[in-house]
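Chain and residue survey
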Amino acid sequence: MAKMRIIGLVAVGLVAGWAMAGPAAADGLSKFEKTLKPQIPPDTLTYKSAKAVGDDGFTLEGVVLTLPADADKKEKPEPINIKTIAVEDLDFDSIEKNQPPLYAKIRIEGVAASNNPGGGIDLKQMVGIDKLSADLQLEYKLDTDKQAFTLSRLELTLNGLARLELSFIVDGISEDAVAKPDEAMNDATLRTGTFVYDDKSLLGKAVPIAAVLQGGDAKAWVEMAKTTLDGMKEGQGEDAKKAIDTLVAYIQDYEKPKGPLRITVNPPDKASAASIQNAKSADEVVKALGLTVSYAGKRS
């Protein structure tokens, strides 16, 4: 009996040890360290702490990202500090097969970039600021059975400057779409989509700089944009004219917009790349996409 109790205790210990060690060996952090971390160039990504979030998620805190320097520039890019990278869900199975992940849900908070973050980006020249603070959210899924790609959210918040948000559903996307993008575009059809641009101060900073770089001023740049858009209205239907007038209204309010600019598409028939390319006018594009453009301001 004593031997049986000892054997039983050993068996329980082994099962308990397996139960405790099993998830740790297959949690999201260990998968990251096994599959993704070795692919990152040395000295590119460092972090102060990390923890697992379930089987397919992980969180990195105190991240420092240093982009490679441009070959034709002597100046080294300054590090980008990131408060948190939170991966709530990620398709590690595909990554282990050297394939793009079929789904992901990622949140990046507190991205702090200086004037020279690398990659040919010069914040001072582009928008007249020395530092940039940003947050990013990404969530998507490719349903291989239904051949539908859903981008639930791609949101970029440039704190104090602007917020961009994009979502859409595309049908006819198979698992091998990444390997054969041309074929995927031919077969894909757009079911619905939304783009939102909410400006806080970015246009007020960027437009004058862009105008000066082109040898003019902001007022002339706005007038040129309005003239170009108004030229597109000739011979178009009311829906196309309304969309263009809304864009003009937003452009003329660039210094202080009266709210976000929202563009939505709801094609009456699923829109393909061919149907858009074959459109002969702005009116045909608007009808094919079921496009609407909305903004609280009115053109003067």
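Criteria and thresholds
- Residues numbered from 1 in each chain as written.
- Predicted model: local features only at pLDDT ≥ 70, side-chain atom pairs only at ≥ 80, totals over all residues.
- Heavy atoms only, no water.
- Core = buried A, V, L, I, M, F, W, Y, C linked by side-chain atoms within 4.5 Å.
- Buried < 20%, exposed > 50% of the residue type's maximum accessible area, 1.4 Å probe, protein only.
- Helix = DSSP H or I, 4+ residues; strand = E, 2+ residues; numbered from the N terminus.
- Contact = heavy atoms within 4.5 Å.
- Polar contact = N/O pair within 3.5 Å; in protein donor to acceptor, adjacent residues only side chain to side chain.
- Salt bridge = Lys/Arg side-chain N within 4 Å of Asp/Glu carboxyl O.

This next bit is on the nonpolar core. In terms of nonpolar packing, the biggest core is built from 31 residues, with F58, I82 and I85 touching the most fellow members. Listed by contribution, the elements that provide at least two residues to this core are α2 (28–36), β3 (58–65), β4 (80–90), α3 (92–96), β5 (103–113), β6 (132–143), β7 (148–158) and α8 (238–252). Broken down by element, this core gets its largest block of residues, five residues, from β4. Excluding its chain neighbours within four sequence positions, the residues that come into contact with I85 are F58, T59, L60, V63, R107 and I108. One finds L102, V170, I173 and A188 within the second-largest nonpolar core, a separate group that totals five residues.

This part is about the side chain of T264. Along the polypeptide, T264 turns up in strand β10 (residues 261–265). A polar atom in the side chain of T264 sits 2.4 Å from the side chain of T292. When sequence neighbours within four positions are dropped, the list of residues in contact with T264 reads G193, T194, G290, L291 and T292.

What follows concerns the pattern of salt bridges. Applying the stated criterion across every chain, the model contains 14 salt bridges. E165 serves as the salt-bridge partner of R163, at 2.6 Å between the closest nitrogen and oxygen. Here R163 falls in the partly exposed class, since its relative accessible area comes to 22%. Using a relative accessible area of 24% as the deciding quantity, one classes E165 as partly exposed. The network of salt bridges with shared partners includes E88, K105, R107 and E109.

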